[in-house]
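# Overview (structure and organization)
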Number of protein chains: 2
Amino acid sequence: MHSKPSPASAIRPAAPLELDLRGDVADLTARLMDIESVSGNEGPLADAIESALRNLPHLVLHRDGDAIVARTMLGHPERVVLAGHLDTVPLPTTPGARGTVPVSWEGETLYGRGATDMKGGVAVQLALAATLENPNRDVTFIFYDHEEVEGSKSGLGRLFRSSPELLAGDFAILLEPTHGTVEGGCNGTSRYKVRTRGVAAHSARAWMGENAIHAAAPILRILADYSPKTVDVDGLAYRESLNAVRISGGIAGNVIPDYCEVEVNYRFAPDKDVAAAEAHVFELFKDFEIIRTDGAPGARPGLQHPAAASFVAAVGREPKPKFGWTDVARFSELGIPAVNFGPGDALLAHSDDEHVTRAAIHECLAALELWLGGKPATGEGS
Amino acid sequence: MHSKPSPASAIRPAAPLELDLRGDVADLTARLMDIESVSGNEGPLADAIESALRNLPHLVLHRDGDAIVARTMLGHPERVVLAGHLDTVPLPTTPGARGTVPVSWEGETLYGRGATDMKGGVAVQLALAATLENPNRDVTFIFYDHEEVEGSKSGLGRLFRSSPELLAGDFAILLEPTHGTVEGGCNGTSRYKVRTRGVAAHSARAWMGENAIHAAAPILRILADYSPKTVDVDGLAYRESLNAVRISGGIAGNVIPDYCEVEVNYRFAPDKDVAAAEAHVFELFKDFEIIRTDGAPGARPGLQHPAAASFVAAVGREPKPKFGWTDVARFSELGIPAVNFGPGDALLAHSDDEHVTRAAIHECLAALELWLGGKPATGEGS
């Protein structure tokens, strides 16, 4: 699955792989993609990053499992957190899909798993960590494991529980793909099971039973007729959605089903907490048995914070809302304003067509360098 | 699982179990129930039956797998077939259910797997086979395997293919449970998959996709609103039904589903063949992708046949339609009129509450003895 020359690529090597943090940041992205790091297998990549950062005297390192925290300790009054996850979803299995080759350049576009989500962002973090020896704010770089799986496994969540002092900051940027625009906050998410019950019977004598699947017709009608809202929060428009994501019912081809279950996912704007979201969905399905099975609050954009405002100004583009739930919500829960900002199109994440351009990675790095004062901006001044 | 004293009850014994065909037919039913014969495991019961019938000089025996055919060869101008299956559905697993004890008498009611479907009918066949040495019509007794599983495994189907000459007759009676009433013909059955397709997307950006489960709302509405017909065929009223028996859609809690499938079972009166049934269902769901996955024609009641008419007269009760598909349809396909007639309530078949009364088994035997001239009817005359 790799293009690495090592004949023992499936075995964690004794010596970490070498990373060149001072070369072209897009080439570094490709190098990171070459190190398979599907959730649960972040070890070799974490080792390589730890090894590359350990030689940098301006950073204080901390490792926790396959998560790494690297901090400047310059005594600045303001500290910014730059965070990104090391893991990817599994490699594509569709024969012939471009993404099945972990790495391939087509012209100046890089294809493969992680191109968008989010080896480009991690490469930008690494380039900044290596070159920003004297930033205008203190910087905490966080690289973490297990973002693409259930939240309880999250390396960032683990750090928050075990070492919250390492994560302190005035403002956080997650380098998730946003097409180079600041995306503020995120929608919350919640899941429900809406159930109907009937009476089982042999389908040859259907009138002896009650069909629970037929009884689910109004549930699907409510979902099909629902008009999701768009909610303005702190000046950004959050688009909500309400969807059946699964349906199941019936046990055999000759039995009237006595049970049907519709799993519903409600993505809600950050003006609501999970309880308010639940109340809305319970009201919609008040004629049905319903339970909530999952819930995570969103995050308000927090763009009114001075650090956030200055960052938006440095990027120079109109900020947008983030629709998907991201780890900005974890920072938000701790009172740290957080935004998403990274190279690549989030719509390509997890797809077989995942890709990112060399220019997008360069632009992301340049914006952060400009804001953090590592280099004077060329052309526009600063 | 058995009350048999043998310590090696799970192993097919070298010597067949002994059956007393001339004792009380209800006690014989209990004895048959003690021999576990879930589909695929009919061997020990078939061995016991073969062994018991082999000593009877008035019968010519034929064995095919676990199916047995026993015929009188008296040269009568008319031949009647009495058929029953040896297998049962699996034993109940609900703790404490009465049916979990394969055999238990509560007063004069016999509880356990096979009480209704159809060890009582098989016991009646065996009692007739042993005692009817000089019936007024030639009789063919058929005991067969694999009725409770997919039709392709049916022992009766196998006999029809391999030895159709053994099954010839003017009229057939299946001893399936009918509460002691003649139930004529049977409904046909057909199954369909009605499908919707959408466009997959991450549920955080649901507006990028199209929800296939929501698109199935009208399918469930059509089913919920449908009024099944009752159709008169040869004087019997066949009640139809149209039901979703399974529904499935969705692959993950955060993906807009691009596919949903509803499995529909249409049970149709024997005035229609499978093609006519299909045309009706295709018309109902003409706005949807649909395929037919299964279809078996029903059987007209055939009560106008002289042998059937004389049998109905001997039973002395108003005949009824059979709603469930039974093997009468196999006889019907070969041009042999066939009805269902047996002890016990078909609604209890396959349930944990399966039971039959001693009187019901006795009455079934008496009606057949009367009709076949084995004994003069007591009281009513003949």
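Remember, predicted model here, so these are calculated numbers, not experimental data. (Residues numbered from 1 in each chain as written. Chains lettered and ligands numbered in written order. Predicted model: local features only at pLDDT ≥ 70, side-chain atom pairs only at ≥ 80, totals over all residues. Heavy atoms only, no water.)

## Here we look at the interface of chain A and chain B
- The partner chain B presents 45 residues to the 45 residues of chain A that form the contact.
- Here chain A packs against chain B, burying approximately 3,600 Å² in sum over the two surfaces, 61% of which is carbon and sulfur.
- In this assembly, chain A and chain B are joined by zero salt bridges.
- If you look at where chain A meets chain B, you find 16 residue pairs in polar contact (both at pLDDT 80 or more).
- Listing elements by their share of the side of chain A that touches chain B, those giving two or more residues are α5 (217–225), β13 (241–249), β14 (255–256) and β15 (259–268) of chain A.
- Looking at the side of chain A that touches chain B residue by residue, the class counts come to 24 nonpolar, 13 polar and eight charged.
- Across three bridges, the pairing between β13 of chain A and strand β13 (residues 241–249) of chain B is antiparallel. Paired with Ser-248 of chain A across the two strands is Ser-248 of chain B, which belongs to β13 of chain B. (Contact = heavy atoms within 4.5 Å. Buried area = accessible area lost by both parts, 1.4 Å probe. Salt bridge = Lys/Arg side-chain N within 4 Å of Asp/Glu carboxyl O. Polar contact = N/O pair within 3.5 Å; in protein donor to acceptor, adjacent residues only side chain to side chain. Helix = DSSP H or I, 4+ residues; strand = E, 2+ residues; numbered from the N terminus. Nonpolar A, V, L, I, M, F, W, Y, C, P; charged D, E, K, R; others polar. Pairing = 2+ DSSP bridges.)

## A few points about the relation of the copies chain A and chain B
- For these two chains of identical sequence, chain A goes onto chain B by a turn of 180° and a shift of 0.1 Å along the axis, with RMSD 0.1 Å. On the angle and the small slide along the axis, the relation comes out as a two-fold axis. Every residue of chain A has its C-alpha some distance from the rotation axis, and the shortest such distance is that of Ser-248 of chain A, at 2.3 Å. (Least-squares fit on C-alpha atoms with pLDDT ≥ 70 in both.)

## Quick notes on the packing of aromatic side chains
- Throughout the structure, instances matching the rule amount to 16 aromatic pairs over all chains.
- Measuring from ring centre to ring centre gives 4.8 Å for Phe-311 of chain A and Trp-371 of chain A, while their planes differ by 55°; the resulting arrangement is tilted. Of this pair, Phe-311 of chain A sits in helix α7 (residues 306–315) while Trp-371 of chain A sits in helix α9 (residues 358–372), placing them 60 residues apart in sequence. Here the two residues Phe-311 of chain A and Trp-371 of chain A agree in accessibility, since each one is buried.
- With 5.8 Å between their ring centres and 40° between their planes, Tyr-266 of chain B and Phe-268 of chain B make a pair best called tilted.
- Residue classification places Tyr-266 of chain B among the buried residues on the basis of a relative accessible area of 1%.
- Assessed through its relative accessible area of 0%, Phe-268 of chain B is described here as buried.
- If you follow Arg-358 of chain A out to its NZ or CZ, it ends over the ring of Trp-105 of chain A, 4.4 Å from the centre. (Phe/Tyr/Trp six-rings, centres within 6.5 Å; stacked < 30°, edge-to-face > 60°. Buried < 20%, exposed > 50% of the residue type's maximum accessible area, 1.4 Å probe, protein only. Lys NZ or Arg CZ within 6 Å of the ring centre and 35° of its normal.)

## Considerations on the domain arrangement of chain A
Residues and elements named next belong to chain A.
- Assigned domains within chain A: domain 1 (8–185 + 299–371) and domain 2 (188–296).
- If you average the C-alpha positions of domain 1 and of domain 2, the two centres end up 35 Å apart.
- Contacts between the two partners involve 14 residues from domain 1 and, on the opposite side, 12 residues from domain 2.
- Summing the contributions of domain 1 and of domain 2, the shared interface buries around 960 Å²; its carbon and sulfur component is 61%.
- Contact with domain 2 buries surface across domain 1, with Arg-300, Phe-323 and Trp-325 losing the most and accounting together for 50% of the total.
- For the pair domain 1 and domain 2, the interface holds one salt bridge.
- Here Asp-234 ties to Arg-300 by a salt bridge, and the two come within 2.9 Å at their closest N and O atoms.
- Connecting domain 1 to domain 2 are two residue pairs in polar contact (both at pLDDT 80 or more). (Domains from an automatic or database assignment.)

## Considering the sheet that holds β13 of chain B
- Taken together, the eight strands give an open sheet; going across it, the order is β16(A)-β9(A)-β15(A)-β13(A)-β13(B)-β15(B)-β9(B)-β16(B), and neighbouring strands pair in antiparallel fashion. Among the strands making up the open sheet, the edge pair consists of β16 (289–296) of chain A together with β16 (289–296) of chain B. Pairs of neighbouring strands in the sheet enclose a mean axial angle of 25°, with direction left out of account.
- Of the pairings in the sheet, the one linking β13 of chain A to β15 of chain A comprises eight bridges and is antiparallel in character. For Asn-243 of chain A, the partnering residue across the bridge sits in β15 of chain A and is Asn-265 of chain A. (Axes fitted to C-alpha atoms, helices over the stretch in contact; angles between N-to-C directions.)

## Some points on unusual backbone geometry
- Of note, the amide linkage connecting Asp-117 of chain A to Met-118 of chain A takes the cis form, showing an omega dihedral of -5°.
- Positive phi outside glycine occurs at His-179 of chain A, with the angle close to 65°.
- Taking the relative accessible area as the measure of exposure, His-179 of chain A reaches 52% and is therefore exposed.
- The phi dihedral of Asp-234 of chain B falls on the positive side, at around 50°, and the residue is not glycine.
- Among the structural elements, Asp-234 of chain B can be located in the loop between β11 (230–233) and β12 (236–239).

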